[in-house]
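An overview of the molecular structure
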Amino acid sequence: MINTQFNIQKNKDINLSNKTIFITGATDGIGKALSLKTANLGAKIILSGRSKKKLESTHDEIRSNKDCIAPSIALLDLETADVESYFNLSETILKNFDKIDGLVHCAGILGDRTPIEQYKPEVWQRVMHVNLTAPFVLTQALFPALRLSNNPSIIFTSSDYAKNGKAFWGAYSVSKFGTESLSQILANENDHNSMRVNCINPGPVNTKMRLAAFPAENKEKIKSPEDKDILAPYVYLLSDASINVSGKSINAQ
Ligand code: NDP
């Protein structure tokens, strides 16, 4: 992972009006916080997740600010959706939106933390599917809508465990190495056009995934998903301030 330090604006002057942004994992943690933040900055958000009820809850929170544009909902279970569902979604989006300017992959699962020797193949498959294969298929399916934007931005969410294969982190770590690779390949394949593709490693964030990974950790010492340091690199990469920034891997903290 390239650790590039950017002079990222802390969202002060950034405006995302006229941007349509598709966010996975919009029902919890970083994806939900980012959905609220980008909606407050004027973007039209397509909230994606597997739970209709939780998506409606994010929708309603956004709508509690009357200045925000009403978000849309894309119900998609990344574990069970077949390839056809992704392309049906793509068609629906092309019918209902002029373009997509941003695609942010926030959804993810942890899987087991256990030695490879004992790692259950079915858990391995599920983690690799949700964290790596599904973002690949979704990105491919949304390419036609992204190509309609003048400056499309794709953002993958990486991890500290994409840098070193830490013992017991199994499929999660492997999927995040793969995420970095997928992001770099896509960036290189599009270096001749306006599509930019980057990875963000948020670092430790106080979410349900973090709680599952480190139950005994002192939560007060960890940033919340709403913290400006966590969201600033996402907002920056979604905004026109980052035009020409591609193929990077950014540490949020
Ligand atoms: P959370 O567990 O809080 O949120 C995960 C999100 O992914 C939820 O919205 C969840 O939906 C969604 N999701 C899980 N499975 C599926 C599925 N099958 N289909 C659709 N959506 C699904 O995690 P975080 O916010 O912490 O994680 C966000 C990203 O950040 C992940 O990629 C994670 O790997 C990464 N990350 C997190 C760190 C941290 O310290 N928190 C550190 C480094 C990286 P639902 O609400 O239905 O459960």
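Definitions and limits used
- Residues numbered from 1 in each chain as written.
- Predicted model: local features only at pLDDT ≥ 70, side-chain atom pairs only at ≥ 80, totals over all residues.
- Heavy atoms only, no water.
- Near = heavy atom within 4 Å.
- Polar contact = N/O pair within 3.5 Å; in protein donor to acceptor, adjacent residues only side chain to side chain.
- Areas by Shrake-Rupley, 256 points an atom, 1.4 Å probe, with all protein chains shown as cover.
- 1 Å grid on protein atoms, 1.4 Å probe; cavity = no way out; pocket = protein on both sides within 12 Å on 5 of 7 lines; lining within 4 Å.
- Sits in = over half its atoms within 2 Å of the grid points.
- Helix = DSSP H or I, 4+ residues; strand = E, 2+ residues; numbered from the N terminus.
- Nonpolar A, V, L, I, M, F, W, Y, C, P; charged D, E, K, R; others polar.
- Axes fitted to C-alpha atoms, helices over the stretch in contact; angles between N-to-C directions.
- Parallel < 35°, antiparallel > 145°, perpendicular 65-115°, else oblique.
- Left-handed = near helix turned anticlockwise from the far one by under 90°.
- Contact = heavy atoms within 4.5 Å.
- Phe/Tyr/Trp six-rings, centres within 6.5 Å; stacked < 30°, edge-to-face > 60°.
- Buried < 20%, exposed > 50% of the residue type's maximum accessible area, 1.4 Å probe, protein only.
- Lys NZ or Arg CZ within 6 Å of the ring centre and 35° of its normal.
- Pairing = 2+ DSSP bridges.

Re the site of the ligand
Lining the immediate surroundings of the ligand are 27 residues, of which T27, R50, K54, Y172 and T207 lie closest. Within the backbone of G25, a nitrogen or oxygen atom sits 3.2 Å from an oxygen atom of the ligand. Between the ligand and D77, the relevant distance is 2.9 Å, taken from a nitrogen atom to a side-chain nitrogen or oxygen of the residue. The protein chains hide 96% of the 900 Å² of surface that the ligand would expose on its own. Of all the cavities here, the one that holds the ligand is the largest pocket. Among the elements of the structure, helix 1 (29-40), helix 5 (170-189) and helix 6 (208-213) are those that each provide at least two residues to the shell around the ligand. Among the elements that make up the shell around the ligand, the one with the highest residue count is helix 6 (three residues). A per-class count over the shell around the ligand returns 11 nonpolar, eight polar and eight charged.

A word on the packing of helix 4 (residues 121-146) against helix 5
When two helices pack together, you describe them by how their axes are tilted relative to each other and by the distance separating the axes. Between helix 4 and helix 5, whose axes approach to 7 Å, the crossing angle comes to 20°. Taken together, the axes of helix 4 and helix 5 lie roughly parallel to each other. Considering how the two elements wind past one another, helix 4 and helix 5 form a crossing that is right-handed. Note on element contacts: helix 5 touches helix 4 through G170, A171, Y172, V174, S175, G178, T179, L182 and L186, opposite W124, V127, M128, N131, L132, F136, T139 and F143. When the residues that make up the contact of helix 4 with helix 5 are grouped by side-chain class, the tally is 11 nonpolar, six polar and no charged.

Section: the packing of aromatic side chains
How two aromatic rings sit relative to each other is set out by the distance from centre to centre and by the angle between their planes. Per the counting criterion, the structure on display carries four aromatic pairs. A ring pair is formed by Y119 and W124, whose centres lie 5.5 Å apart and whose planes are at 90°; its orientation type is edge-to-face. Look at Y119 and you get buried, because its relative accessible area is 8%. The exposure class assigned to W124 is partly exposed, which follows from its relative accessible area of 29%. Through pairs of rings, three or more aromatic residues link up here, namely Y161, W169, Y172 and F214. The ring of W169 is capped by R113, whose NZ or CZ atom sits 5.2 Å from the centre of that ring.

Focus: helix 7 (residues 228-238)
Counting buried residues in helix 7 gives 10 out of 11 residues, a clear majority hidden from the surface. The complete set of buried residues in helix 7 reads D229, I230, L231, A232, P233, Y234, V235, Y236, L237 and L238. Those residues of helix 7 hidden inside the fold are in contact with strand 1 (20-24), helix 1, strand 4 (102-105), strand 5 (153-157), strand 6 (196-201) and strand 7 (249-251). The residue sitting at the N-terminus of helix 7 and contributing the capping side-chain oxygen is D227; that oxygen lies 2.8 Å from the backbone nitrogen of D229.

Notes on the sheet that holds strand 6
Pairing between the strands of a sheet is mediated by backbone hydrogen bonds and can be parallel or antiparallel. Read across the open sheet, the seven strands follow the order 3-2-1-4-5-6-7; overall the sheet is parallel. Each end of this open sheet is capped by a strand with a single partner; those strands are strand 3 (72-75) and strand 7. The mean angle between the axes of side-by-side strands here comes to 20°, regardless of whether they run parallel or antiparallel. In this sheet, strand 5 lies alongside strand 4 in parallel orientation, the contact comprising four bridges. From the neighbouring strand, V104 faces strand 5, where its bridge partner is I155. In the packing of helix 4 onto the sheet, the strands contacted are strand 1, strand 4 and strand 5, and the crossing angle to strand 4 comes to about 170°.

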